[in-house]
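# Summary of structural features
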Amino acid sequence: MESTSSLIEYDPRLFLFRALSELNELEETPIDRIDELNRQIVAIMNKRSVIEPVDISKLSELKTVARDVVLRLNLGLEHGSELDLIRARHLLIRNDMIRFYQIGNTLITKLKRDAEALRQRARLTVAESGMVQLGGHPEAVVEMALLSRIEEDFLSAVIDETLIIGEVTPVIQSKVEREQPIEQFSQVEIADGMLKNIGLRLDYLQTLPLYFMAKEKDLRYAESLESSEDLAGKITCGMMVNLAINSGKSFCVTLDRVRRFCEECITSDEVDEAVEEKLLAWLIEYLETHQATEVVIDYAYDYWMYWLDELRRHLQKPIADSNKLHRWFII
């Protein structure tokens, strides 16, 4: 079997190794403390290799375990020291490595659990009876993704312990060039912040009268609801258009309604300010009436602002037919 200690690859980017290097250079560091910390890292790696289904004859699998342990240790130390090297050195002198591993492992486990819960929740189900609701339903005959494809990819990446975004936004619009393993606490904060935003979006959607959708359209045969599209955005855009032209709080639109919205509500380069204020005021009053929390209201406000800006940019172009509106609306 490969020597476990030889599997630890020094990575100067990681805070853990910088802190260990500085600790090693300090005269007040107790004798053999660095050796003891290294032995503790090896012990954690050995335990992981036993607990998890790892083929110890395969070097690649052992290296993966070693890297996972190091990354969790790095997360735990970053979290505990708040990236203060002096504080980190003191923590390393006074604490066993298992403490930092447990902290890092808890952070990763929580991210993965939250991502999986959101993936299960972010479904719109339609029952044979026509009932439309968020999440699973025992009588569901159709399930549709409420998130965009890129947001579905984000959840999958987090579950795989990687990150494909670089910042927290109301809606994920783009990915980084290359996905990165979650190895720094700043990455945990980005992932956690985006997971919270998606959760707040689902909380907002949960307040909407989704049963209207079954009255407007048989969603089982709605050709414009491809799984790769952003269904939550379509629901929101449809509601905003209908509210703006006083067609009620429904979700489906027609080509004529969109044209009327363009004519009455969009100026040369923006959504009319009075229309925007009317829509946002309605949103706040609606959510307050449905006892949404302040954080949900704040997020929904930013979400509507995002889609108002997107609609303004998209609808400045001539609308030839309804097929070009499928990305934005339930037609």
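Further up the page is the structure itself.
Definitions and limits used
- Residues numbered from 1 in each chain as written.
- Predicted model: local features only at pLDDT ≥ 70, side-chain atom pairs only at ≥ 80, totals over all residues.
- Heavy atoms only, no water.
- Helix = DSSP H or I, 4+ residues; strand = E, 2+ residues; numbered from the N terminus.
- Buried < 20%, exposed > 50% of the residue type's maximum accessible area, 1.4 Å probe, protein only.
- Contact = heavy atoms within 4.5 Å.
- Areas by Shrake-Rupley, 256 points an atom, 1.4 Å probe, with all protein chains shown as cover.
- Phe/Tyr/Trp six-rings, centres within 6.5 Å; stacked < 30°, edge-to-face > 60°.
- 1 Å grid on protein atoms, 1.4 Å probe; cavity = no way out; pocket = protein on both sides within 12 Å on 5 of 7 lines; lining within 4 Å.
- Points joined across faces, edges and corners; volume = space filled by probe spheres on them.
- Nonpolar A, V, L, I, M, F, W, Y, C, P; charged D, E, K, R; others polar.
- Expected span 1.5 Å × (residues − 1).
- Axes fitted to C-alpha atoms, helices over the stretch in contact; angles between N-to-C directions.
- Left-handed = near helix turned anticlockwise from the far one by under 90°.
- Salt bridge = Lys/Arg side-chain N within 4 Å of Asp/Glu carboxyl O.

Here the focus is the overall build of the protein chain. A count of helical and extended segments in the protein chain gives 12 helices and 5 strands. Within the span of the protein chain, comprising 331 residues, buried residues form 49% of the whole. Here the analysis covers contacts within the protein chain between residues at least 6 apart in sequence; of these, 65% occur between residues at least 24 apart. About 16,800 Å² of surface is accessible on the protein chain, with carbon and sulfur atoms providing 48% of the total.

Let's shift gears to the packing of aromatic side chains. Throughout the structure, instances matching the rule amount to 7 aromatic pairs. Between Tyr 204 and Tyr 303 the ring centres are 5.8 Å apart and the planes differ by 65°, which places this aromatic pair in the edge-to-face class. One end of the pair, Tyr 204, is in helix H7 (residues 185-207); the other, Tyr 303, is in helix H12 (residues 294-315), and 99 residues separate them in sequence. Taken as a pair, Tyr 204 and Tyr 303 share a single burial class, namely buried. Where Trp 307 meets Trp 328, the ring centres are 5.8 Å apart and the plane angle is 90°; that geometry is what we call edge-to-face. One end of the pair, Trp 307, is in helix H12; the other, Trp 328, is in the segment after H12, with 21 residues separating them in the sequence. Members of the aromatic cluster, joined through ring pairs, are Tyr 204, Tyr 299, Tyr 303, Tyr 306, Trp 307 and Trp 328.

A few words on the layout of surface pockets. A volume near 270 Å³ is recorded for the largest pocket. Along the walls of the largest pocket sit 13 residues, with Ser 148, Asp 230, Tyr 306, Trp 307 and Arg 327 positioned nearest its centre. The element that contributes the greatest number of residues to the lining of the largest pocket is H12, accounting for 3 residues. The residue makeup of the lining of the largest pocket, split by class, is 6 nonpolar, 3 polar and 4 charged. The space that makes up the second largest pocket amounts to roughly 170 Å³. Breaking the lining of the second largest pocket down by element, the ones donating at least two residues are helix H2 (33-51) and helix H5 (97-121). Among the elements that make up the lining of the second largest pocket, the one with the highest residue count is H2 (5 residues).

Here we come to unusual backbone geometry. A positive phi angle, near 70°, is found at Glu 161, a position not held by glycine. With respect to the element layout, Glu 161 can be found in the loop between helix H6 (149-159) and strand S4 (162-163). Glu 161 sits in the buried class, given a relative accessible area of 18%. Here Asn 246, not a glycine, exhibits a phi torsion of approximately 60°, which is positive. Relative to the helices and strands, Asn 246 resides in the loop between helix H9 (231-244) and helix H10 (255-265).

Take H2 next. Under the 1.5 Å per step criterion, the end-to-end length of H2 is 27 Å for 19 residues, consistent within 8% with the ideal 27 Å. Along H2, the residues classified as buried are Arg 33, Ile 34, Leu 37, Gln 40, Ile 41, Val 42, Ile 44, Met 45, Arg 48 and Ser 49.

Moving on: the packing of H9 against helix H11 (residues 273-289). Between H9 and H11, the shortest axis-to-axis distance is 10 Å and the interhelical angle comes to 115°. The handedness of the crossing between H9 and H11 is right-handed. Across from Met 239, Met 240, Leu 243 and Ala 244 in H9, the residues of H11 making contact are Val 275, Lys 278, Leu 279 and Trp 282.

Counting across every chain of the model gives 18 salt bridges. Across the pair Glu 116 and Arg 119 runs a salt bridge whose closest N-O atoms are separated by 2.8 Å. Here Glu 116 and its partner Arg 119 are both found in helix H5, 3 residues apart, which amounts to about one turn of the helix.

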